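# Coordinate inspection notes
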Amino acid sequence: MALPDSARKHGVWWSNSPSRGRHNQAWLGTGWETTNRNLKAQTISFQRAGERAKSQGHIATAARPRRANGATFNAAVLTETDFAADCAVTLKLRWKRLGAVTLSPAGKLDFPAAPVEAGLYRLIVRVGNRTTVYVGEAVNLKRRFGNYRRPGATQQTSLRLNALLIEAIGQCGAITVDIAYQDIGLNIGGVAMDADLADKAVRRMIEQAAIVAHGGIDVEMLNR
């Protein structure tokens, strides 16, 4: 069986992260994992699952304790800080379906009309029985999708996603876009506050939380 182009271009295709329906069950399900990935040489190795962890554990046990300035760290000496000790953050957002990504007659990606607003987005790519997801943030959602449609020569992420999305559609896949830019609930230290999506730090925090929240979905295939 021939490998897809993404297997030769993107190291994450060979990820050992387990997720239902992923192609890597072909090796994980039989007790193997990938190692020594070299896309330039087009080579990859397989080893029995757990061997690397055992090896690293042995090395860690045998190694000398790390020292800082000649002293050994002792957790028992830690005391309570007198400044903002707690960092309690809760977040809630609900994705809304924007539409589907298609190919124009000229072979360019066509995204659904998007608001000229800051927000979060996710691209859901379904090819056969495999689903991959990319979660991102942007100060201008409409402009970001335009970058994916016509990526600049130095926009590495946009170039990579442009190629992956075109490849997926060429394999009779379906791509949908969800966005979240309104009614995002943010509570910090027990105080409800507006999520200022114009602030990149806020968008990045929500983006990373959304990636983690996907858990069993193959997020790492596209987010790296």
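For the structure given in this document, a descriptive report is provided here. Every value quoted in this text rests on a predicted model; they were computed, and no experiment measured them.

Rules used throughout
Residues numbered from 1 in each chain as written. Predicted model: local features only at pLDDT ≥ 70, side-chain atom pairs only at ≥ 80, totals over all residues. Heavy atoms only, no water. Helix = DSSP H or I, 4+ residues; strand = E, 2+ residues; numbered from the N terminus. Buried < 20%, exposed > 50% of the residue type's maximum accessible area, 1.4 Å probe, protein only. Contact = heavy atoms within 4.5 Å. Areas by Shrake-Rupley, 256 points an atom, 1.4 Å probe, with all protein chains shown as cover. Axes fitted to C-alpha atoms, helices over the stretch in contact; angles between N-to-C directions. Parallel < 35°, antiparallel > 145°, perpendicular 65-115°, else oblique. Nonpolar A, V, L, I, M, F, W, Y, C, P; charged D, E, K, R; others polar. Pairing = 2+ DSSP bridges.

## Focus on the overall build of the protein chain
When its secondary structure is counted, the protein chain shows six helices and twelve strands. For the protein chain, the proportion of its 224 residues judged to be buried stands at 35%. The contacts in the protein chain between residues at least 6 apart in sequence include a share of 58% that link residues at least 24 apart. For the protein chain, the accessible area works out to roughly 14300 Å², and carbon and sulfur atoms hold 53% of it.

## Focus: the packing of helix H4 (residues 141-149) against helix H5 (residues 156-170)
Where H4 contacts H5, the two axes come as close as 8 Å, and the packing angle between them is 65°. With respect to H5, the axis of H4 lies roughly perpendicular. Together, Asn-147, Tyr-148 and Arg-149 of H4 and Ser-158, Leu-161 and Asn-162 of H5 make up the contact between the two elements. The residue inventory of the contact of H4 with H5, partitioned by class, reads two nonpolar, three polar and one charged.

## Brief notes about the sheet that holds strand E7 (residues 109-110)
Strand order in the open sheet made by the five strands is E7-E6-E10-E8-E9, with antiparallel pairing throughout. Edge positions in the sheet fall to E7 and strand E9 (130-138), since each of these pairs with one other strand and no more. Pairing of strand E8 (residues 119-127) with E9, which is carried by nine bridges, proceeds in the antiparallel orientation. Bridging from a neighbouring strand, Leu-120 pairs with Glu-137 of E9. On top of the sheet, helix H6 (residues 200-213) reaches E8 and E9; it is set at about 165° to E9, its chief contact.

## Comments concerning unusual backbone geometry
The phi dihedral of Cys-172 is positive, around 65°, even though this residue is not glycine. With respect to the helices, strands and loops of the structure, Cys-172 is situated in the loop between H5 and strand E10 (174-180). Residue classification places Cys-172 among the exposed residues on the basis of a relative accessible area of 76%. With a phi close to 55°, Asp-183 is a non-glycine residue in the positive phi region. Using a relative accessible area of 76% as the deciding quantity, one classes Asp-183 as exposed.

## Things to note about the sheet that holds strand E11 (residues 185-188)
On the basis of which strands lie adjacent, the open sheet formed by three strands has the order E5-E11-E12 and antiparallel pairing. The sheet is open, and its two borders are formed by strand E5 (89-92) and strand E12 (191-194), each paired with just one other strand. Averaged over all adjacent pairs, the angle separating strand axes in this sheet is 25°, with direction ignored. Both E5 and E11 contribute to a ladder of four bridges, which runs antiparallel. From the neighbouring strand, Leu-91 faces E11, where its bridge partner is Leu-186.

This is a description of form; function is not addressed.
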